[in-house]
Every structure is written in C-alpha cells, then in structure tokens.
Amino acid sequence: MTIRGLFSAIDISATGLTAQRTKMNAIASNIANKDATRTEKGGPYRRKQVIFRPGERAEFLTILKKEHLKLKRTTKTHLDNEETWVKRENIFQGVKVDKIAEDTRPPRLVYDPDHPDADENGFVAYPNIDIVTEMVNMIAASRAYEANVTAMNASKGMMMNALEI
Amino acid sequence: MPGIPNFIFGKTKIPLLYKSMDAYSMRQRSIVNNIANVSTPGFRRTEVKFEEELKKALGKRGIKGYLTNPKHIPVGRPSIERVKPIPYMPKDDSLRSGLNNVDIDHEMAELAKNQIRYAYATRLMRDSFNKLRSSIRGEYVR
C-alpha cells in the first residue's frame, strides 16, 4: 500500500498542476483578447474564469458516519472506542476543473464612432477585462503551480527513499 | 505483518516502522491534496492523526480489550497491529487564503517535516534489516 499510496500522491499533485495550467491558459486568453470586439457568437470577447472544485464531491464526514459505527464518550471513565474513524483510501482526490465560466458583466463601452463595430450612438463594446486583475491571478496561479511541483518532488523523493531499504 | 514469521520480525522495529511508513505516505497524500486544492473555494483541509494513536498503543497504562471475533468492538488500549492513521478534517472555519482554510506556508512546512520523517523511517528500516541479516550470518556489527 505504501508505494501505491505515494504514486497516488503524485497523481493528486498532477491534478493540481492540470488545474493551475488551465487557469493560466484562461488568463493568457483573457489578456490576449483584451481588445477583441468580435467573436463568432457576436459581441465582444467575454472574460473566462476557471472554477475549481475538490475531487471528492461527497462530504467526507457524512460518508464516515454512514459507513462506521460511532460510540460517544459521555464521562471520562468510559473506555474509548478506537476504531470509529476507519481509514478510507480514496478520500484524497485532488482538484478538478468544474467548469470554465464566462463573465456576465456588461462590456466596457468606449466612444469611438469610426470603429467598424461601433453602435448607432458611436460606442464600441470592449471586453470587460482588467489587466491588473489578470496579472494578480496569473501570479497566484503560477505560485500554486510551483507549490504543486514542490509537493510532487517531495513524493518522488520519498519513493526513492523507500527503494533504498 | 501477515504471512511473515513473527518470531523474527516481532522482536525488531520493523512492524512499527512499517506502520509509520504507511501513515506517513497517507499523510503525504493528505498534504499534497491540501496543496492541490489551495485555490478551490469551499475546500476543507484534511490532516492525518497517527502519532497520538501510536502513543496510546505503546503506553503501559489502561486496560486492554482483546478481539476474538471480527464483530467485537475494540475497547481500551489498542495493540500496535491495530493502530491506523486516521484522516480527519480539523474544526477550523477560518478563511486563511481567502477561499478556504488551507495555509500554504503551513502545508509546505508539513510537507518538509513529513519528508524527513519518512526518510528517517526508511533509514531505520534499512538498518534493522541489515542488523537482522548480520545476526543471521553471525557477523560482528561494528
């Protein structure tokens, strides 16, 4: 179980890497399309947001309660039941990309009557993208990616240790 | 350890180290899972409790209940064979990172500690096997 356990630790880090890379791609797309006023669907480009969720959907505690008998200690002299929280192997499932949502905020209107995409009042709808926000999110995603790489290297190092027994 | 004659390994640290390596690998998964979910809104971090359980099993105090039937409920001090790493979610509803209760600095520190503990356990395990081998061969060790 030990080695398999560490292999799945690497898999968990990999889900983190995938998720953060997806986020980076979305941010890169947002920055690149900052001034895109035309899309196939019509209207300006809409900012993309990556939504994460934990890999394990079900609430951990409810699963435990369902599967195992639990005894309560009401006084100190009661003997404790040691096995109430029996280990479940698959509670660590990493992170998943739930969906890539499009920003629903109204577009940024810029007065530019000569622009081919201007409306009858002379306003052009630009994507509502704030470069500073995107940059901050990018740094956060890149640091989270690095943390996952460090964690993966740690698991790798532990497996190499185990091979030296 | 099932299937291995207990009269050789039972006298060494090997069953204990086997337990702790299992526990550390589970803790590694827990830490790694917390790190992977560092930017997941609403995620709750997990921890693995093992050392306290081991301490209880190694302690001399308290009575000990034996299990002679699989349907028995264990009472009192557990034997070492029954010590298991226990994953749990600490009661902590603070929003440390703004999205969930994962504190990345804490997780990285735990990661480093866990790595060292695992390396320590593997080294002790290797030494135990080496000593066992030496005593079987009748060699003088240091």
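Rules and cut-offs
- Residues numbered from 1 in each chain as written.
- Chains lettered and ligands numbered in written order.
- Predicted model: local features only at pLDDT ≥ 70, side-chain atom pairs only at ≥ 80, totals over all residues.
- Heavy atoms only, no water.
- Domains from an automatic or database assignment.
- Contact = heavy atoms within 4.5 Å.
- Buried area = accessible area lost by both parts, 1.4 Å probe.
- Salt bridge = Lys/Arg side-chain N within 4 Å of Asp/Glu carboxyl O.
- Polar contact = N/O pair within 3.5 Å; in protein donor to acceptor, adjacent residues only side chain to side chain.
- Nonpolar A, V, L, I, M, F, W, Y, C, P; charged D, E, K, R; others polar.
- Axes fitted to C-alpha atoms, helices over the stretch in contact; angles between N-to-C directions.
- Helix = DSSP H or I, 4+ residues; strand = E, 2+ residues; numbered from the N terminus.
- Parallel < 35°, antiparallel > 145°, perpendicular 65-115°, else oblique.
- Left-handed = near helix turned anticlockwise from the far one by under 90°.
- Phe/Tyr/Trp six-rings, centres within 6.5 Å; stacked < 30°, edge-to-face > 60°.
- Buried < 20%, exposed > 50% of the residue type's maximum accessible area, 1.4 Å probe, protein only.

Caption draft 1: Quick peek at the domain arrangement of chain B. Residue and element names in this part refer to chain B. According to the domain assignment, chain B consists of domain 1 (37-102) and domain 2 (103-142). Each of domain 1 and domain 2 has a C-alpha centre, and the two are 23 Å apart. At the interface, seven residues of domain 1 touch five residues of domain 2. Taken over both partners, the interface formed by domain 1 and domain 2 buries close to 410 Å², and the fraction arising from carbon and sulfur atoms is 50%. For glutamate 51, the salt bridge is made with arginine 117, and the minimal N-O distance between the two is 4.0 Å. Scanning the region where domain 1 abuts domain 2 turns up two residue pairs in polar contact (both at pLDDT 80 or more). Counted by class, the side of domain 1 that touches domain 2 contains two nonpolar, one polar and four charged residues.

Caption draft 2: Highlighting the packing of helix α3 (residues 131-163) of chain A against helix α2 (residues 14-36) of chain B. Taken N-terminus to C-terminus, the directions of α3(A) and α2(B) make an angle of 165°; their axes are 9 Å apart at the nearest point. Considered as vectors, α3(A) and α2(B) are oriented roughly antiparallel to each other. Regarding α3(A) and α2(B), the two cross each other, and that crossing is left-handed. Residue-level contacts link Ala147(A), Asn148(A), Ala151(A), Ala154(A), Ser155(A), Met158(A) and Ala162(A) of α3(A) to Met21(B), Tyr24(B), Gln28(B), Val32(B), Ile35(B) and Ala36(B) of α2(B). Across the contact of α3(A) with α2(B), the residue classes break down as 10 nonpolar, three polar and no charged.

Caption draft 3: Molecular detail of the packing of aromatic side chains. A full pass over the atoms with the stated rule returns two aromatic pairs over all chains. Here Tyr111(A) and Phe123(A) contribute two aromatic rings whose centre-to-centre distance is 5.5 Å and whose plane-to-plane angle is 65°, an arrangement assigned as edge-to-face. Residue Tyr111(A) is found in strand β3 (residues 108-111), and its partner Phe123(A) is found in strand β4 (residues 123-126); the two are separated by 12 residues along the sequence. What makes Phe123(A) partly exposed here is its relative accessible area of 32%. Ring geometry for Tyr24(B) and Phe50(B): centres 6.4 Å apart, planes at 80°, overall edge-to-face. With Tyr24(B) in helix α2 and Phe50(B) in the loop between β1 (47-49) and α3 (51-58), this pair connects stretches of sequence that are 26 residues apart. Here Tyr24(B) matches Phe50(B) in class, with each residue buried.

Caption draft 4: Spatial organisation of the pattern of salt bridges. Going through the model one piece at a time under the given rule, you end up with 17 salt bridges over all chains. In this structure, Arg27(B) engages Glu51(B) in a salt bridge whose closest nitrogen and oxygen atoms are separated by 2.8 Å. Taken together, the residues Arg27(B) in helix α2 and Glu51(B) in helix α3 connect sequence positions 24 residues apart. Taking relative accessible area as the criterion, Arg27(B) reaches 9% and is therefore assigned buried. With a shortest N-O distance of 2.8 Å, Glu107(B) and Arg45(B) are connected by a salt bridge. Highlighted residues: Glu107(B) in helix α4 (residues 104-137) and Arg45(B) in the loop between α2 and β1, separated in sequence by 62 residues. Here the salt bridges share partners, and the residues they tie into one network are Arg47(A), Asp103(A), Arg105(A) and Glu134(A).

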